[in-house]
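In case you want the letters, here they are:
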Amino acid sequence: MADILSIGAGATQLYRQALSTVSNNIANLNTVGYSRQVSETSENSPSQQGTVFIGSGARLDNIERAYDEFAESSLRDSSSQLSTQQPLINYANRVVDIMASQSSGLSSALDQFFAAASALSADPASINLRSSFLRDAEGMASRFRELSTQLGAVENETRESIETQVGALNSLTQQLAFVNKELNKKLTLDSQPPVLLDQRDRILRQMSEITKIHVAESPSGLVTARLGGSAGSILVEGKVSYDLGAVFDDVNPGRVDLIIEPYGDKRVASTVNSGMLGGLINFRTQTLAPAMDSFDHLAQTLVAEVNQIHSSGLDARGQRGTDLFAIDPVFQVTAPAGNANADITISVVKPDDFAYASFKMTWVNEQNSWRIEDTATGAVTLAAPSARGFEYAGLSVTVATPAVDGETFYIEPISRPAGGMRLLQSDPFAIATAETMRVMGSASNIGEAKVTLTYAPEPAFDGFEYGASIFALGNNPSQDAAQLVKASDLTPAFVIPKGTDQANVMLDVPYDSNLTFQVMTSNGVHVLGHTLSANEQVRMLSGDSGFSADSTYSANYLNATGSSAYLDLDLTYGFLARDVERKDWLVDSNGISNEYTTTTLNAAATSGDVRLQTNDAAVAVDLIAANSLQLNGVSLSALSLAAGSTSSAAQMATWLNSAAANTNVTASAQTIIEVDAENIDFTQQVKINGVLIGNGGLLTSTAALAEAINAKTAQSNVVAKVTYDGKLQITNAAGYEGENITLSNPNGSAVKNALGQINKTYVGQLQLEAAGEIRLTFGAAGVPADLATLGLRTGIYVNGPVTEELAVFVTGTGSAGVAAGFGAPNNEAAKQSLEQPFTIQFSSANQYSIVDDATGTVVATRSYSAGDEIKHKGFVIAFDGNPIAGDVFAVDSNSDGIGDNSNMLKIVALQDKELIDGSRTLSEAYIGLVSVVGSKAALATISRDALQVVYDQAVEAKDQISGVSLDEEAAQLIRFQQAYQASAQIIQVASKLFDSILSIR
Amino acid sequence: MKVSTSQIFERAMAQMSAQQSKVANMQTQLATGKQIIRPSDNPDQAGLIQRLSTALNRQDSYASNLGALTSRLKAEESALMTTENIMQRVRELAVQATNDTLSTSDRKIIATEVKALRNELLSLANTQDVSGNYVFAGSMARTKPFAENAQGTLVYQGDSNRIMVDISDQRQMQLNRPGSEVYSSIVRETAGGTSERVGFFSVLDDFSAALDNNNTAQMQSSLGEISQLTQNTAIAIADVGSRMAMADFQTDALNDVKARYQQLLSNAEDLDYASAITQLTSEMMSLEAGQSSFAKISQLSLFDYIR
């Protein structure tokens, strides 16, 4: 009975516990993360009585948590994947809604801008249309700004969202570490409280919504969580959790760096591409950043194109247009306290090079330069030495006062290009609607030809085929820098490029050379050089396709000066030296002031060694023929060498001075022999001009040598002195300046003498001086060799900018050294020359000349046949009908053509021009941009729908195991209740049995 | 397969809210009459709509250009018609003047009329359009095209620029005809055997001078010259006429193009009510079915039967 009673008692207890488990399940029906619990029972061990085993009832073994690890992990994975899509969809749709909106998108603003331009082109003189064009241009610029701001807002929002997600993840990892700590108290999983495990799984599921995680479970139920896959960064391990941080790049929204322990030892986290966080990062990299970049590119392209057109037209006042739009980046300049400068000016000078990257600038005294460090890449550049600023990455940076050593600034562009777009013009009359130039037939033309002018975007003349730019010679006109050039009358040796300022090209030739320079324009105008034979003319103009085929050779401006020069250019061929202005800056108490005095220094030149020639003939010969050279416009007589005499610098100086009254150039001569102390050979003797120096014995010092020379001055006509640096200098004595000095050795077999110099006759050099200029040019028979006789180099000197490319020929036989010097290119002059009016004059029905109006220069004479187009300076002039002799067509400024719309039509035409990547128009590119974002959103939507199914299945699978069903619990309730009642009956039976025993009397 | 109680509720709720949002979306479509409420509903379609409305806007701006062109041409035409009438009269007078029977005083009377007509022609040559632009000044719209120069001769002061206006994607039309071509000059053989250009008004002035001086030889040559001028005017009228016809033709073509784009835009943008309403009804039906089945299923519980 006792055993029956104990079986009964044990069973009631068991079923009460089972009932309470069921009740707990029912109670937790709506608890999130609750796993259904099941009571597990087992038989008690039986008692053995003899050979039989008698059962001793049942007991509660364990309360099990209905749980499946695989169902749980597949639920986590599918939830990561599903939550990846949501931010993609939401934000991509936001971007599409912003950009594709009919009212606030860019399309309508672009349409309106071009419609206004088109309307203005129909009546350019209308002030109303001009105003509405400005209004719509402003509308478009502000639409760019608004959209950029809106995109910026999305960028900001996703940034905050990422930070929120990272924060939530960090809080979850801390909770998980805490749960791990609790779990650590028990050794086995079975012994862990189910509620703790439920909590653990709930945290893991929440984490996996933020990012995909990899979970490893220990036997006791502790988990290690990693970011991404099994090799990812550890977030939680045992009781320790590691924080995650996100770092953003200000310039590139696509760049988001995740860092483990951002406030600790900072390790790069493994990539996150799943979960909410993955979706957000993905959106920024793959959707937002490209969209913002394309949008900026669109703005930059539009601004550049419109400005280019607008600034090449004329406005209603006849002035050249300026930029219509500007893109203003806004910079944030920060500096540590104590910097001397508060004022920094930054402007974009080359928009193409400007990359919107932030940088740091530090003045380094030692290097006398600004050290610039790119904040993103860390690349360091040193600016050109200047304490007041520099140019860097398309920016011009200027500081108000000179920099102090170590001064540092942080420069950060805070707006995107499209966000800084702005209309520059506010004056309706400043809109450049008209073309710069126009053509008009003269009112007195007899011919009926009607003329039209178009501007060819590519100039008709694109340079000479042959001939290197003189820039290739390097900017050094000295003899040492000369490059050997072979003479050719077929192709130019060099070209002086358009825009070259202050060019000079130098030619080195020997006395007996026939080499010369010839300078030609592309239209066959011979500008500098020597008269050519008909054959030579043809040869020179035929070899290079750069010469206009129809043009005829012209020598009208050959070597001309002043107002009769080609385009009134200041050109010299020969030798030129000018007076120089010297500025002397005045010093006041504050140091060097802004005031100065000017001193004009006379023009001066020193020649090289003059020609040494002895006339062995019986009659006098000319070293330089009469009228070969002109000095300051005065023809020089012949430089004649008498029979038996030898040329010298003195003789040439006298010859030059004989014309000084007319040329205003005074010449002097000097022969100098300078000997380095170490070259003096005291074992030898020397004779100067045939006079033995010393008394026949050997001399021992430089000073003694000088003294000995000076002792013989009366006979030798030379004097000597020891210079401060120990050299021995031998020059002509007074009254003999420029005479030749002959050195010889009394020992006839010696090559050298006491001076260590070769035994020979030494010639002197000429010094020329004049108040204005010294200009040596060639007469009819003169050649560069004549200048070489005087020890002078021949050059081409261009004073001022060259407005068209000039071909430089080196003609003659052999080769010559050519060197060049030039100033900074003056492209503005070249640009302005395009606006110089010119006239086309027909001398007959098949010949015309082009005359520059300002200078009257005939720049080209060409043959014409009916139907030809005339191309000049990029203009194409076409005729309807045939011009006849005497017809004149003037191309001049369109400054009063207020009704001309040619330039506006070019702006209108931009809407159909494939500007973006050479394949899409502005509006197509914009719509394309929106549809790329849209298709990303659509793709994400499809993925989401598919992943939703996967997720639902995972939820279902998990639910099937761990979920609570009321019907099931009701059935269990009845089952255990009945079992409980039966167990109670067992006790009853035991009691009755006991009573039966007791009642036995 | 076991379905947990909470899942039964959650799934029913999810389905019903999805259905409800569909219905709400349909309702907005019906209320706005548009297929797409937000561009993100269908980005491709939104792109198409943008493209079509850009094209349509373009046609509108061609239409406005055509309007400007037509009004300009009308100004040109009316000036030219009057010019032609006057020139006819001048020519009649020239024919009349060369008649040998006319006396000096008769010719003086004719001269007076010729001078009046010449002034009338001058004011026509300086015609301005509604915006105040000189019609016959080339691109120098604010410069009086026929005015006396410093020497006191009446010369053309405009330029010979032709202003082209976009009137369709492929076509441009000439807006103006320079005055030098309308009130054109002629070539006159001089006594020395050379030729010289003589302006429109100089011809008339020479004619009236000949009348004043009773110079019949000059009158004869003036008659020839005036005939030439009359002919040039006729050519100018023909030119304006053909340009106006072209503008009319282009306006018609433009309207066709516009109608086509509008049709396409409407297809892309506007809602098809019949199908939308049918769809709404069916969506509503499935929502109702969901609701009523949920109401019934949620009643089922084993606990109801445990008594």
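Notes on the structure in this doc start here. Keep in mind it's a predicted model, so treat the numbers as computed, not measured.

## Re the overall build of chain B
Looking only at helices and strands, chain B has 7 helices and 6 strands in total. In sequence order, chain B lays out its α and β elements as α-α-α-β-β-β-β-α-β-β-α-α-α. Whereas a compact globule of 307 residues would reach a radius of gyration of roughly 19 Å, chain B reaches 39 Å, over 25% beyond that. Each of the three principal axes of chain B carries a C-alpha extent, and together these read 140 × 30 × 25 Å. The buried share of chain B, reckoned over its 307 residues, is 44%. Put simply, of all contacts in chain B between residues at least 6 apart along the chain, 63% involve residues at least 24 apart.

## Things to note about unusual backbone geometry
When glycine is set aside, most residues are seen to have a negative phi, and most peptide bonds are trans. Residue and element names in this part refer to chain A. Despite not being glycine, Asn664 shows a phi value in the positive range, around 65 degrees. Along the chain, Asn664 falls in the loop between helix H9 (660–663) and strand S38 (665–670). Accessibility expressed as a relative area gives 55% for Asn664, which makes it exposed.

## Regarding the pattern of salt bridges
Enumeration according to the criterion identifies 59 salt bridges over all chains in this entry. Among the salt bridges present, the one from Arg267(A) reaches Asp265(A), with a minimum N-O distance of 3.0 Å.

## Things to note about the sheet that holds S38(A)
All names here are of chain A. Pairing is antiparallel in the open sheet, where 3 strands are placed in the order S33-S46-S38. Across the chains shown, the open sheet's two edge strands, defined by having one partner strand only, are strand S33 (603–609) and S38. Here the average twist between neighbouring strands, direction ignored, is 20 degrees. With 6 bridges connecting them, S38 and strand S46 (residues 765–770) associate as antiparallel partners. Looking across to S46, one finds that Ser668 is bridged to Gln767.

## Notes on the packing of helix H5 (residues 200–213) of chain B against helix H6 (residues 216–269) of chain B
Residue and element names in this part refer to chain B. Put simply, H5 and H6 touch, their axes get as near as 9 Å, and they point 150 degrees apart. On the basis of the axis angle, H5 is roughly antiparallel to H6. Relative to H6, the crossing made by H5 is left-handed. Only Gln218, Met219, Ser222, Glu225, Ile226 and Leu229 of H6 make contact with H5, whose side of the interface consists of Phe200, Val203, Leu204, Asp206, Phe207, Ala210 and Leu211. Here the residues of the contact of H5 with H6 sort into 9 nonpolar, 2 polar and 2 charged.

## What to know about the interface of chain B and chain A
Facing 54 residues of chain B, the contacting portion of chain A comprises 64 residues. With both sides pooled, the region where chain B packs onto chain A buries about 4600 Å², and carbon together with sulfur makes up 51% of that total. For chain B, the biggest contributors to the area lost against chain A are Lys2(B), Gln50(B) and Arg197(B); these three give 16% of the whole. Our enumeration of links across chain B and chain A arrives at 6 salt bridges. Where Asp912(A) meets Arg58(B), a salt bridge forms, and the shortest distance between an N and an O atom there is 3.0 Å. One can count 28 residue pairs in polar contact (both at pLDDT 80 or more) joining chain B with chain A. Elements with a contribution of two residues or more to the side of chain B that touches chain A: helix H1 (5–32), helix H2 (43–97), strand S3 (164–166) and strand S6 (195–198) of chain B. At 15 residues, the largest contribution of residues to the side of chain B that touches chain A is made by H2(B). Classifying every residue of the side of chain B that touches chain A by side-chain character gives 18 nonpolar, 22 polar and 14 charged.

## A closer look at the packing of aromatic side chains
Overall, the coordinates contain 33 aromatic pairs over all chains when judged by the stated rule. Look at Trp370(A) and Phe409(A): their rings are 6.3 Å apart centre to centre, the planes differ by 50 degrees, and that puts the pair in the tilted class. With Trp370(A) in strand S16 (residues 369–374) and Phe409(A) in strand S20 (residues 408–413), the pair connects residues that are 39 residues apart, well separated along the chain. Here Trp370(A) and Phe409(A) have matching classes, each one buried. On the numbers, 5.7 Å between centres and 75 degrees between planes, the contact of Phe146(B) with Tyr183(B) is edge-to-face. Taken together, the residues span a long stretch of sequence, with Phe146(B) in strand S1 (residues 146–148) and Tyr183(B) in the loop between helix H4 (179–182) and strand S5 (186–189) at a distance of 37 residues. Through successive ring pairs, a cluster of aromatic residues spans Phe136(B), Phe146(B), Tyr156(B), Tyr183(B), Phe200(B) and Phe201(B). Against the face of Tyr67(A) rests Arg65(A), its NZ or CZ located 4.5 Å from the ring centre.

Procedures and definitions
- Residues numbered from 1 in each chain as written.
- Chains lettered and ligands numbered in written order.
- Predicted model: local features only at pLDDT ≥ 70, side-chain atom pairs only at ≥ 80, totals over all residues.
- Heavy atoms only, no water.
- Helix = DSSP H or I, 4+ residues; strand = E, 2+ residues; numbered from the N terminus.
- Rg over C-alpha atoms; globule rule 2.2 N^0.38 Å.
- Buried < 20%, exposed > 50% of the residue type's maximum accessible area, 1.4 Å probe, protein only.
- Contact = heavy atoms within 4.5 Å.
- Salt bridge = Lys/Arg side-chain N within 4 Å of Asp/Glu carboxyl O.
- Pairing = 2+ DSSP bridges.
- Axes fitted to C-alpha atoms, helices over the stretch in contact; angles between N-to-C directions.
- Parallel < 35°, antiparallel > 145°, perpendicular 65-115°, else oblique.
- Left-handed = near helix turned anticlockwise from the far one by under 90°.
- Nonpolar A, V, L, I, M, F, W, Y, C, P; charged D, E, K, R; others polar.
- Buried area = accessible area lost by both parts, 1.4 Å probe.
- Polar contact = N/O pair within 3.5 Å; in protein donor to acceptor, adjacent residues only side chain to side chain.
- Phe/Tyr/Trp six-rings, centres within 6.5 Å; stacked < 30°, edge-to-face > 60°.
- Lys NZ or Arg CZ within 6 Å of the ring centre and 35° of its normal.

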